[in-house]
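# Geometric and topological summary
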Amino acid sequence: MRDFSRDHDWLSINTATVRQSQGQPLPLPAILDACAALGIRAVSPWRDQVQAAGLDAVARQVRALGLALSGYCRGGMFPAADAEGLRAARDDNRRAVDEACTLGAPCLVLVVGGLPGALQGRAAHKDIAAARAQVRDGIAELLDYARAARMPLAIEPLHPMYAADRACVNTMEQALDLCDELDPLRTGALGVAVDVYHVWWDPKLEQQITRAGRERLLAFHVCDWLTPTTDLLNDRGMMGDGVIDIPRIRGWVEAQGFAGYSEVEIFSTGNWWRRAHQQTLATCIERHRSAV
Ligand code: ZN
């Protein structure tokens, strides 16, 4: 297992982590500059932030600063209530693949979606099996497009508390079943993003990380699970402040040969987004060394 205690060479910042600074939105160009100034070598930007700043301008800035990407957030949201919705999701996901290529991302992260309409508070139905079938079909179709573009797709299983509104793929086992079905030859075109926040509780986690193997481990996301957690979405903790044994999980991932970035992804309306982004980034560096 790599020694992270001396430097932050393998730290990546998911740009949502400093989406706000002292409660105010922080534009992506300022985030990229702040990361580069602190010697952070990699980032994983979100589509909305990229769109606000302009895709080509962001791609130029990333190159000029010498930053690498550890992923691109995100595609997915496949299920829909009708054919028009499915087409819209397909087209949007193809655009996400194109953007990921322009930015030089190593993979497009997929948050696959849940019951159509649930995110807006109006679920169109209660058939989660049907939603999962649409996810499978959506990934299968996107995979052809992504393969041609040479952009790997990373399915991110989300904690079951998000099954209704964000992702009905909720365990590593489920994600890897999809990988085995859609990419049985393990070509590297389809894999998983392991986010400790979503999977730390899973009794089969070690077994499924072993099953994934190097070809399927495309991204590794870290933060911490706070007790108590006061918001289902935006109360993620800084590494070391919660109950996740992050080094143990990183050990399992690295035992399979994963040698990529450890990407910090923290959504925190009540704490980190209220602080100055320089302080949040400095804490990410410190905890990357001591708690990851
Ligand atoms: Zn994640």
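That block above? That's the structure.
Residues numbered from 1 in each chain as written. Predicted model: local features only at pLDDT ≥ 70, side-chain atom pairs only at ≥ 80, totals over all residues. Heavy atoms only, no water.

## Here we look at the packing of helix H3 (residues 55-65) against helix H4 (residues 83-103)
Direction vectors running N to C along H3 and H4 enclose 30°, while the axes themselves pass 9 Å from each other. Taken together, the axis directions place H3 and H4 in an arrangement best described as roughly parallel. Every residue of H4 that contacts H3 at Leu 55, Asp 56, Val 58, Ala 59 and Arg 63 is listed here: Glu 99, Thr 102 and Leu 103. Residues that form the contact of H3 with H4 fall into these classes: 4 nonpolar, 1 polar and 3 charged. (Axes fitted to C-alpha atoms, helices over the stretch in contact; angles between N-to-C directions. Helix = DSSP H or I, 4+ residues; strand = E, 2+ residues; numbered from the N terminus. Parallel < 35°, antiparallel > 145°, perpendicular 65-115°, else oblique. Contact = heavy atoms within 4.5 Å. Nonpolar A, V, L, I, M, F, W, Y, C, P; charged D, E, K, R; others polar.)

## Focus on the coordination of the zinc ion
Only Glu 156 (OE), Asp 195 (OD), His 221 (ND1) and Glu 265 (OE) from the protein reach the zinc ion as donors, at distances of 2.0 to 2.2 Å. Coordination at the zinc ion is irregular, judged from the 4 donor atoms that bind it and the angles of 85 to 150° they form at the metal. Written as a sequence motif, the donor arrangement for the zinc ion is E-x38-D-x25-H-x43-E. A residue pair is termed long-range when its members are at least 10 positions apart, and Glu 156 in the loop between strand E8 (153-155) and helix H6 (172-182) and His 221 in strand E10 (residues 217-222) qualify at 65 residues. (Donors = N, O, S within 2.8 Å, 3.2 Å for Na, K, Ca; no water. Tetrahedral: all angles 85-135°; square planar, octahedral: opposite > 155°, others 65-115°.)

## Describing the sheet that holds strand E11 (residues 262-264)
Backbone-to-backbone hydrogen bonds join strands into a sheet, with any given pair of strands oriented parallel or antiparallel. Strand order in this open sheet of 9 strands is E5-E4-E1-E11-E10-E9-E8-E7-E6, and the pairing throughout is parallel. Edge positions in the sheet fall to strand E5 (68-69) and strand E6 (72-76), since each has one partner strand and no second. With 4 bridges joining them, E6 and strand E7 (residues 108-111) adopt parallel strand pairing. Looking at E7, one finds that Cys 73 is bridged to Val 109. (Pairing = 2+ DSSP bridges.)

## What about the nonpolar core?
Ranked by size, the top nonpolar core spans 81 residues in total, and within it Ile 13, Leu 110, Val 112, Ile 139, Leu 153, Ile 155 and Met 239 carry the most contacts. Residue contacts for Ile 139: discarding those within four places in its chain leaves Phe 78, Leu 110, Val 112, Ile 155, Leu 178, Leu 182 and Leu 190. (Core = buried A, V, L, I, M, F, W, Y, C linked by side-chain atoms within 4.5 Å. Buried < 20%, exposed > 50% of the residue type's maximum accessible area, 1.4 Å probe, protein only.)

## Things to note about helix H1 (residues 28-37)
All of the buried residues along H1 are Leu 28, Ile 31, Leu 32, Ala 34 and Cys 35. Taken around the axis of H1, the buried residues stretch over an arc of 165°, which confines them to a single face. Structurally, H1 contributes buried residues whose contacts are with strand E1 (11-14), strand E4 (42-44), helix H2 (47-53), H3 and helix H10 (277-291). Of the residues trailing H1, Gly 39 is marked for its positive phi of about 75°. (Arc of directions from axis to C-beta.)

## Re the state of the cysteines
Within the structure shown, the criterion is met by 0 disulfides. With no disulfide of its own, Cys 101 has Cys 107 as its nearest cysteine by sulfur position, at a separation of 12 Å. For Cys 101, a relative accessible area of 33% puts it in the partly exposed group. With no disulfide of its own, Cys 223 lies closest to Cys 284 among cysteine sulfurs, the gap being 10 Å. Note on Cys 223: relative accessible area 0%, which makes it buried. (Disulfide = S-S within 2.5 Å.)

## Some thoughts on the environment of Asp 91
The topology assignment puts Asp 91 in helix H4. The exposure class of Asp 91 is partly exposed, given its relative accessible area of 33%. Placed 51 residues apart in sequence, Asp 91 and Leu 142 show a C-alpha to C-alpha distance of 9.3 Å.

## Some thoughts on the pattern of salt bridges
Per the stated rule, a full pass over the model turns up 23 salt bridges. In this structure, the salt-bridge partner of Glu 141 is Arg 90, at a minimum N-O distance of 4.0 Å. Of the two residues, Glu 141 sits in helix H5 (residues 128-148) while Arg 90 sits in helix H4, which places them 51 residues apart along the sequence. With relative accessibility at 36%, the residue Glu 141 sits in the partly exposed group. With a closest N to O distance of 3.1 Å, Lys 204 and Glu 173 form a salt bridge. You can see Lys 204 sitting in the loop between helix H7 (196-199) and helix H8 (205-216) and its partner Glu 173 sitting in helix H6, a full 31 residues away along the chain. Several salt bridges converge on common partners, so that one network encompasses Arg 147, Asp 177, Asp 180, Asp 183, Arg 211 and Arg 216. (Salt bridge = Lys/Arg side-chain N within 4 Å of Asp/Glu carboxyl O.)

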